[in-house]
Amino acid sequence: MSDIKSLAIANRGEVAVRIIRACQELGVESVLLHSKADINTRAYRMSDRQICIGDSAVGESYLSIEKNVDGVLASGADAVHPGFGFLSENANFAQALKDNNIQFVGPSPEAIRKMGDKIEAKKIIEAANIPTVPGYNGDDQSLATLKKEAEKIGFPVIVKAAAGGGGRGMKVIQKASEAEEMIDAAKREGLSAFGSEQVFLEKYLDKAKHIEVQIFGDLSGNVVHLFERECSVQRRHQKIVEEAVSGSISTDIRQGMTEAAVKLAKAVNYVGAGTVEFLVQDDAFYFLEMNTRLQVEHPVTELVLGVDLVKAQILNQMNRFSCWNQDLLVPRGHSIECRLYAEDPFSQGIPSTGLIGFQQWPDGPGRRFDFGYEAGDEVTPFYDSMMAKVIVWDETRPRAIKKMLKTLDDIVLFGVKSNIPFLKQILQHPEFVDGSFNTQFINQHFAQGAHPLENQEELEKIGELCFDSLGEVTQVAGAQPSPFSRKWSNV
Amino acid sequence: MKKLNLTIDGEEVEVLAQKMAGKVWLHYKGQTFAYTPKQNQKQGPAGGANQDPSQIVAPMPGKIIKIFVAEGDSVAEGETVVAMEAMKMEYNLKAMQNMKVKSIKCSEGAQVGLSDLLVELEEEDA
């Protein structure tokens, strides 16, 4: 632990931008470790220095420990912030950095190893007497054993990649006949996304809420919790809308979960920001997993508590952080985050890629936009489809919902389809409004994705009018040059 | 991007609009909409579902993860024919009705483009 003058960012998109902002405010130089495809991005333009570490495919760049470590060494940076996803929970990466005397903004390789391996984490949590969901986490990974264990647990059963996260490498098996297909798929996704095909099985709770507790540990062994976030609006285990704090859990459940989260963090000598995820059903909570990194949805916690988690992470690493006093952390008002995915909401969320022609973020009090692309940039098929996050804060939950709806109305995004129409339908659904929704919400009410637009014909009519009024396009369709192309044409 | 003042049903409205890659993108009263003009529509719905049951086409650009069938195999309605991956998510492309595999036009690990033909099917007794 020592001073950080230059911080390398082993990530991309909006989270890289978020980390660069923290660096700028702390007077730390930012170095972006990026792939070839990401030269036309906002993080590339905002960072102080850029090192291209490899090709566009994630295995050739963002997921390669060797290329990231080489990039850091070449840049001379003192430390690495891994963001989320990619190598953020990879103990071997943290270890490789340590071996090269580079600081890692995050917990120790040992803590990551223990909690990152969901099976190991479950053993620790059971020893600490924190309730877990019934399941199978044995070493025998044969299909026959997994199938037998799934039947023993009772369907529906969820199969998860042991090294997984972020919704990838997870499949629900509804009945015995689907077991083989789903187990194979989870193994394949685990292998391609995380490099391991080890899986485990769990009983699938059918009407649970997904609630997670943000924790933070300083270098002196203090651990505080920063209350909970509710992330029950999920599609294929990918979160879509998150809130802080949860509008629908009892005081007892909140107290039980936050205490359990702090206990767990202390048990593994946790340092930095982490999140303990729980499922809540029938007024009981079950440990799901611990994420040893910053979460995508960290902004909602920042807005209700008035904290800056990313700056806290970096300052903590420099041993210049004085931990928050638990008693002074009191949530105020309500915050909601919507993830903007590049997808067609009316075709079951099929990814949408392409060049962004124009975008407009309607800022105002209590509105925050974390985004990674600007007009002229291209959304490529190589990475996660999350383009941006829209976060609002207001004094009450109903007002926050209203503010989010108005904000989404006024966002303009041309060139790539987004899930904004879907988000608006979610926010207006009676179950979302009254807070009774659970993780089945999307499956139950939006199984085919967003409902068709009511005024499709009107919009088509306007489209035809616009087409006539706009005249000829001067650029060649689809080959509009980036306004920044001169910056990299000689790279 | 251009601001247009249009008259719709006698009402004067403001629309933001931009032409890109054969489409008109517009923002009107809180909605963003991508419209394919009539004169471009005959090229088929870009990115839309293919309705021809004899053709399994890529609904998005991405990578072929696994091909579950071989030429001459029978496939049942709802059976997964090809698994593909884009933006780190896996998608299963399924047969729309009971058919037989006529030919396979892609290979595992290959990158494919939007609307590429992946597998051709034919009637069972053909």
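Structure: see above.
If you're wondering where the values come from, they're calculated on a predicted model, not measured in any experiment.

Caption draft 1: Molecular detail of the overall build of chain A. Counting secondary structure elements, chain A contains 17 helices and 23 strands. Taking 23 Å as the expected radius of gyration for a compact globule of 491 residues, we find that chain A reaches 22 Å, a close match to that expectation. Structurally, chain A occupies a C-alpha span of about 70 × 55 × 50 Å along its principal axes. A total of 491 residues make up chain A; the buried ones form 54% of that total. Once local pairs closer than 6 in sequence are excluded, the contacts in chain A between residues at least 24 apart make up 67%.

Caption draft 2: Fine view of helix α8 (residues 179-194) of chain A. All names here are of chain A. Taking 1.5 Å per residue, 16 residues should reach 22 Å; α8 reaches 22 Å between its end C-alpha atoms and fits that length. For α8, every residue scored as buried is listed here: A179, M182, I183, A185, A186, K187, E189, G190, S192, A193 and F194. Directly beyond the C-terminal end of α8, a positive phi value near 80° is found at G195.

Caption draft 3: Up close: the pairing of strand β13 (residues 272-281) of chain A. All names here are of chain A. Of all 10 residues that make up β13, nine are buried, and the element is covered over most of its length. Of the pairings in the sheet, the one linking strand β10 (residues 209-217) to β13 comprises nine bridges and is antiparallel in character. Residue pairing across strands places I215 opposite G274, the latter belonging to β13. In this sheet, strand β14 (residues 284-291) lies alongside β13 in antiparallel orientation, the contact comprising seven bridges. Residue V280 lies in a different strand from β14, and its bridge partner there is F285. Between the end of β13 and the start of β14, which pair antiparallel, lie two residues, with D282 showing a positive phi angle near 50°.

Caption draft 4: Molecular detail of the sheet that holds strand β15 (residues 334-341) of chain A. All names here are of chain A. Spatial ordering of the open sheet is given by β14-β13-β10-β11-β12-β15-β22-β20, a layout of eight strands whose pairing is antiparallel. Each edge of the open sheet carries a strand with a single partner, namely β14 and β20 (367-371). The mean angle between the axes of side-by-side strands here comes to 25°, regardless of whether they run parallel or antiparallel. In this structure, strand β12 (residues 238-244) lies alongside β15, joined through four bridges in antiparallel fashion.

Caption draft 5: Fine view of the sheet that holds strand β6 (residues 62-67) of chain B. All names here are of chain B. The strand order across the open sheet built from four strands is β9-β8-β6-β11, with neighbouring strands paired in antiparallel fashion. Strands at the two margins of the open sheet, each flanked by one partner only, are β9 (89-94) and β11 (111-112). As paired elements, β6 and strand β8 (residues 80-86) share four bridges and run antiparallel to each other. From the neighbouring strand, I64 faces β8, where its bridge partner is M84.

Caption draft 6: View of the pairing of strand β2 (residues 11-20) of chain B. Residue and element names in this part refer to chain B. Across seven bridges, strand β1 (residues 2-8) lies against β2 in antiparallel orientation. Along β2, the bridge assignment pairs T7 with E12. Between β1 and β2, which pair antiparallel in sequence order, lie two residues; one of them, D9, sits at a positive phi of approximately 50°. Bridge count between β2 and strand β3 (residues 23-28): five bridges; the pairing is antiparallel. Following the sheet pairing, A17 is matched in β3 by L26. With antiparallel pairing between neighbouring strands as the criterion, β2 and β3 make up a hairpin whose turn holds two residues, including A21 at a positive phi of roughly 45°.

Caption draft 7: Examining the packing of helix α7 (residues 143-153) of chain A against α8 of chain A more closely. Residue and element names in this part refer to chain A. One way to put it is that α7 packs onto α8 with a least axis distance of 10 Å and a crossing angle of 115°. Our pair here, α7 against α8, has a crossing hand that is right-handed. When α7 is examined against α8, the residues L143, L146, K147 and A150 are found in contact with a partner set consisting of A179, E180 and I183. Of the residues belonging to the contact of α7 with α8, the class tally is five nonpolar, no polar and two charged.

Calculation notes
- Residues numbered from 1 in each chain as written.
- Chains lettered and ligands numbered in written order.
- Predicted model: local features only at pLDDT ≥ 70, side-chain atom pairs only at ≥ 80, totals over all residues.
- Helix = DSSP H or I, 4+ residues; strand = E, 2+ residues; numbered from the N terminus.
- Rg over C-alpha atoms; globule rule 2.2 N^0.38 Å.
- Buried ≥ 20, exposed ≤ 12 C-beta atoms within 10 Å, placed from the backbone.
- Contact = placed C-beta atoms within 7 Å.
- Expected span 1.5 Å × (residues − 1).
- Pairing = 2+ DSSP bridges.
- Axes fitted to C-alpha atoms, helices over the stretch in contact; angles between N-to-C directions.
- Left-handed = near helix turned anticlockwise from the far one by under 90°.
- Nonpolar A, V, L, I, M, F, W, Y, C, P; charged D, E, K, R; others polar.

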